[in-house]
Amino acid sequence: MTVRFQTLGPLRIRQDGSEVPAGRPQQQAVLAALLAARGRPLTATQLLHAVWGEDDDRWPARPKRVLATHVYRIRQLPAFSPAGAEAGAGADVSARANAGTGTGTGAVLHQAGDGYRLSVEDGAVDMHRFDDAVRAAAAARRKGDLDGAHALLTRGLDLWYGTALEGVPGPLAGRVRQRLTVSRTAALEARLSIDVARGRHAEVLPEIAALAEAPDASGQALSLLVLALFRSGRRDEAFAVLDRARDRAGELGLDPAPELERAHQEILGRLAPAGPAAPARSGPRGPVRPCHLPPDIGDFTGRAAEATRLMSALAPADGSTHRPAIVHGATGTGKTVLAVHVAHRLRDAYPDGQLYACLTGSHELPVRPCQVLAAFIRALGGDVPDDEAAMAEAYQAALDGRRVMVVLDDVRDLTAVRPLVPRHPGCGALVTGRALTGLLPGAQWLALGAFSPDDALGLLVRVLGPSRIEDEPDAARSLAEACRRHPALLRTTAARLAARPHWSLASMVDRMAGA
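Q: Could you give an account of the sheet that holds strand β2 (residues 12-15), with specific residues and numbers?
A: Spatial ordering of the open sheet is given by β1-β2-β3, a layout of three strands whose pairing is antiparallel. Each edge of the open sheet is held by one strand with a lone partner, namely β1 (3-6) and β3 (18-20). Shown here is a sheet whose adjacent strand axes are inclined to one another by a mean of 35°, direction ignored. When β1 meets β2, the two strands line up antiparallel, connected through four bridges. Of the residues in β2, the one forming a bridge with Val3 is Gln15.

Q: Please provide a residue-by-residue account of the pairing of β2, values included.
A: Hairpin connection from β1 to β2: five residues lie between these consecutive antiparallel strands. In sequence, β2 turns back onto β3 through a hairpin of two residues, with Asp16 there showing a positive phi of about 50°.

Q: Please give an account of helix α14 (residues 369-379) that cites residues and values.
A: If you check which residues of α14 are buried, you get Cys370, Val372, Leu373, Ala374, Phe376, Ile377 and Ala379. Buried residues along α14 sit against β7 (354-358), α15 (388-399) and β8 (405-413). Backbone geometry just downstream of α14 places Gly381 in the positive-phi region, at approximately 85°.

Q: Give a description of the pairing of β7 that names residues and reports values.
A: Counting buried positions along β7 yields four of five residues, so the element is predominantly enclosed. Taken together, the five bridges between β7 and β8 define a ladder with parallel strand orientation. Bridge pairing links Gln354 to Met405 in β8.

Q: Lay out the sheet that holds β8 with the relevant residues and their values.
A: Taken in spatial order, the five strands of this open sheet run β7-β8-β9-β6-β10, and their pairing is parallel. Each having just a single partner strand, β7 and β10 (444-448) make up the two edges of the open sheet. Direction aside, neighbouring strands of the sheet carry axes that sit 20° apart on average.

Q: Talk me through the packing of helix α1 (residues 25-36) against helix α3 (residues 63-76); I want residue IDs and the actual numbers.
A: The contact between α1 and α3 brings their axes to 9 Å, and the two run at 80°. It follows that α1 is roughly perpendicular to α3 by the angle criterion. Contacts between α1 and α3 involve Gln26, Gln27, Val30 and Leu31 from the first element and Leu67, His70, Val71, Arg73 and Ile74 from the second. Class assignment for the residues of the contact of α1 with α3 results in five nonpolar, three polar and one charged.

Q: Can you break down the pattern of salt bridges residue by residue, with the values?
A: All told, the structure shown has 19 salt bridges when counted by the stated rule. Across the pair Arg500 and Glu166 runs a salt bridge, and its minimum N-O distance is 2.6 Å. Placement of Arg500 in the loop between α19 (487-498) and α20 (505-514) and of Glu166 in the loop between α6 (146-157) and α7 (171-197) is noted, with a sequence separation of 334 residues between them. Overall, Glu166 belongs to the partly exposed group, its relative accessible area being 27%.

Q: Let's hear about the packing of aromatic side chains: which residues, and what values?
A: We describe a pair of aromatic rings using the distance from one ring centre to the other and the angle between the two ring planes. Under the criterion given, the structure shown has three aromatic pairs. With a centroid separation of 6.0 Å and 65° between ring planes, the pair formed by Phe5 and Phe80 is classed as edge-to-face. Taken together, the residues Phe5 in strand β1 and Phe80 in the loop between α3 and α4 (89-101) connect sequence positions 75 residues apart. Note on Phe80: relative accessible area 5%, which makes it buried. When the centroid spacing of 5.5 Å and the interplanar angle of 85° are considered together, the rings of Phe130 and Trp160 count as edge-to-face. Of this pair, Phe130 sits in helix α5 (residues 126-142) while Trp160 sits in the loop between α6 and α7, and the two are 30 residues apart along the sequence. Each member of the pair, Phe130 together with Trp160, is buried. For Arg500, the ring lying beneath its charged end belongs to Trp503, and the centroid distance is 4.9 Å.

Reading guide: rules and limits
Residues numbered from 1 in each chain as written. Predicted model: local features only at pLDDT ≥ 70, side-chain atom pairs only at ≥ 80, totals over all residues. Heavy atoms only, no water. Pairing = 2+ DSSP bridges. Helix = DSSP H or I, 4+ residues; strand = E, 2+ residues; numbered from the N terminus. Axes fitted to C-alpha atoms, helices over the stretch in contact; angles between N-to-C directions. Buried < 20%, exposed > 50% of the residue type's maximum accessible area, 1.4 Å probe, protein only. Contact = heavy atoms within 4.5 Å. Parallel < 35°, antiparallel > 145°, perpendicular 65-115°, else oblique. Nonpolar A, V, L, I, M, F, W, Y, C, P; charged D, E, K, R; others polar. Salt bridge = Lys/Arg side-chain N within 4 Å of Asp/Glu carboxyl O. Phe/Tyr/Trp six-rings, centres within 6.5 Å; stacked < 30°, edge-to-face > 60°. Lys NZ or Arg CZ within 6 Å of the ring centre and 35° of its normal.

As structure tokens, this is what we get:
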């Protein structure tokens, strides 16, 4: 009998290739603690802390009896050998003998004093295989074996199928989940850094951009994005990433990450001719063409009519001054996604640059327009005046004679952002917001609401694949309606189903109906 434990997603037990139930949530928490111990014995108190925490006021009545009940139920699972009920050396010897001959009896849960110890075959737990692969990859990299390190990291990352121990309760499961998540990100960054070092920057650029887009993106992820963009010939975008990262660090009173500074120095070394060292902060010579847009979403779905309308409104016409376009709607309707998608599609029409700023800022504190003005002036290669009124004039002067798209995201007060809207022919402005106040004269408004039925179904097809939708067409339509065809709720629900291929669409509809 071959038994495997999958923990790099919802806890699963596979026996001879078939999945068997892992039991109730707290039973899973006990099992997860024993798996994480990797063969070490855990006392009853350690297991109680793992499942219910260190505050014994939160423990169940008669906690050791409850724990013994969970252990009993674990031992009743088909994947566990009856030898697990035995104490002493005999069970250990039997388990080791079977593991060595390849005729395993499954997992064995031993009594160990007042606690327990779980024995499994080598390689039976995916979190251990992942940890081993990461350690082996680090050793291979220290020896200069980049191919070996890349193969090991890929093998370890391929084991993941969701969020580690998703849905398993208890403090220990939470700590293990956090540790594994951090390790996964580090492993992905290490693999991508090897890809960049081997000249595969263009191939892995979308993956790096997705990693760097996270709110808590590390300096390593951002530095990889800078290098990949630069080596792909997108110099302005690389410098825009550097500028945004430095501005973010400055707002927090921090120095830029060392990895970013090293990437910057590498870029300067490639740009600068032989001779005196390049200045500490520089950009490519010649006309400055910034591209501050976030990456376009890879699986953009629906909104074809809305995108066409915005494209038509913002496509440059001969010598005409464009009216700004405003996309408004409730949270989660996809305003930013649509605006960024349209701005990317219009890049050729605005060859002198694309400026982007989110006006909400961190922690829901609005960004002051003068901060954005200063950032935009620097991005366009100008000098920033001290006076705010002079900033607005310097910004408009920097746009004169250029064709630049400006995207102002998550705006609250339209009147406040008027200085950021270009006044010159050939430039365009795209504004998004929820509860908008103030006025922006001459603006064209586009309201976003729920998806159309076809767009909602299209999103499910894009995330889950056509075969899964074709197998349950009625349930797919019911699921879209259960989500009110709300884009964010649909995407979240589809992602949840994608991580659970054994769940039917109909079961998700039932779950939502009972919520």
